[in-house]
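As a plain string of letters, each chain reads:
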Amino acid sequence: EPEVTQTPSHQVTQMGQEVILRCVPISNHLYFYWYRQILGQKVEFLVSFYNNEISEKSEIFDDQFSVERPDGSNFTLKIRSTKLEDSAMYFCASSRGGFIGGELFFGEGSRLTVL
Amino acid sequence: RKEVEQDPGPFNVPEGATVAFNCTYSNSASQSFFWYRQDCRKEPKLLMSVYSSGNEDGRFTAQLNRASQYISLLIRDSKLSDSATYLCVVRFYSRLTFGEGTQLTVNP
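Residues numbered from 1 in each chain as written. Chains lettered and ligands numbered in written order. Predicted model: local features only at pLDDT ≥ 70, side-chain atom pairs only at ≥ 80, totals over all residues. Heavy atoms only, no water.

*Asks:* Teacher, can you tell me more about the side chain of Thr76(A) here?
*Replies:* With respect to the helices and strands, Thr76(A) occurs in strand β8 (residues 75-79). Excluding anything up to four places from it in sequence, Thr76(A) contacts Ile20(A), Leu21(A), Arg22(A), Trp34(A), Ser66(A), Val67(A), Glu68(A) and Pro70(A). (Helix = DSSP H or I, 4+ residues; strand = E, 2+ residues; numbered from the N terminus. Contact = heavy atoms within 4.5 Å.)

In structure tokens form, the structure reads like this:
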């Protein structure tokens, strides 16, 4: 069964460092997303991406964050100058369709710990 | 008002019990509705989409009432493996909004 894969599974970084989280979406999916979940809290939307551009972003997704699809398979989330409060599980997701019938399938997540 | 609000839980039920989860959403223009389940420290996994006509998948039945902005999930004959957090999810364009989840523990 096709799946979304994410690397690394866990990253520990020092405050102020840059982090890149990588995702390989399901191959025939066209829409890509990043969500995050702070420990004990709900899953929160960060950004959606379609046709090589951001379609929507949340209030959380400020200038510290960026996304990129550098080649035909990878989808990355870059966090510049990490803060303690960026510690969370970051989930990548993809869907075949947009807002109609667009069930999202999630990767296993990348746990980011900022010290 | 929260965008997606769920029963706070947790629910503890014996095996074989029937359990119902309730959810309300605030955006009347929301387009799609889902139930996901999340095991501890794992990714959310799609359980089922929810349609206005209601839909059933084995022991699971989901209902949507657009007029009341209300979504429900019924689990019949619950199994130990149903223990998880159940997430009500609402889609508006490209954004999924998650509820905080209701934790279910099924006891032997």
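*Asks:* Help me understand the nonpolar core in this model?
*Replies:* The nonpolar side chains of a soluble globular protein tend to be buried with one another. Phe21(B), Trp35(B), Ile71(B), Leu73(B), Ile75(B), Tyr86(B) and Leu104(B) are the most contacted members of the largest nonpolar core, which totals 24 residues. Among the secondary structure elements, those contributing two or more residues to this core are β3 (19-25), β4 (32-38), β5 (45-50), β7 (60-65), β8 (70-75), β9 (84-92) and β11 (102-107) of chain B. Counting 22 residues, the second largest nonpolar core, distinct from the first, contains Leu46(A), Phe75(A), Tyr90(A) and Cys92(A). (Core = buried A, V, L, I, M, F, W, Y, C linked by side-chain atoms within 4.5 Å. Buried < 20%, exposed > 50% of the residue type's maximum accessible area, 1.4 Å probe, protein only.)

*Asks:* Just checking my understanding: could you explain the layout of surface pockets for this structure?
*Replies:* In this approach, a probe sized like a water molecule rolls over the atoms, and the result shows the empty space that is left. The volume enclosed by the largest pocket comes to roughly 580 Å³. Together, 30 residues line the largest pocket, and Gln37(A), Gly40(A), Gln41(A), Gln38(B) and Thr85(B) are the ones closest to its centre. Elements supplying a minimum of two residues to the lining of the largest pocket: β9 (88-95) of chain A together with β1 (4-6), β9 and β11 of chain B. Residues that form the lining of the largest pocket fall into these classes: 10 nonpolar, 11 polar and 9 charged. Roughly 440 Å³ of internal volume is contained in the second largest pocket. If you go around the second largest pocket, you meet 21 residues; those closest to its centre are Glu1(A), Pro2(A), Glu3(A), Phe105(A) and Phe106(A). When its residues are assigned to classes, the lining of the second largest pocket shows 9 nonpolar, 5 polar and 7 charged. (1 Å grid on protein atoms, 1.4 Å probe; cavity = no way out; pocket = protein on both sides within 12 Å on 5 of 7 lines; lining within 4 Å. Points joined across faces, edges and corners; volume = space filled by probe spheres on them. Nonpolar A, V, L, I, M, F, W, Y, C, P; charged D, E, K, R; others polar.)

*Asks:* Mind showing me how you'd approach the interface of chain B and chain A here?
*Replies:* Frequently, the measure chosen for interface size is the accessible area that the parts lose on association. Contacts between the two partners involve 21 residues from chain B, matched on the other side by 28 residues from chain A. Between the two partners, chain B and chain A, sit 2 salt bridges. As a salt-bridge pair, Glu56(A) and Arg95(B) come within 3.0 Å of each other at their nearest N and O atoms. Summed over the shared surface of chain B and chain A, the result is 9 residue pairs in polar contact (both at pLDDT 80 or more). Every element with two or more residues in the side of chain B that touches chain A is listed here: β4, β5, β9 and β10 (95-98) of chain B. Among the elements that take part in the side of chain B that touches chain A, β4(B) stands out by supplying 4 residues, more than any other. Among the residues making up the side of chain B that touches chain A, the classes are represented as 9 nonpolar, 6 polar and 6 charged. (Salt bridge = Lys/Arg side-chain N within 4 Å of Asp/Glu carboxyl O. Polar contact = N/O pair within 3.5 Å; in protein donor to acceptor, adjacent residues only side chain to side chain.)

Purely spatial values, then, with no claim about function.
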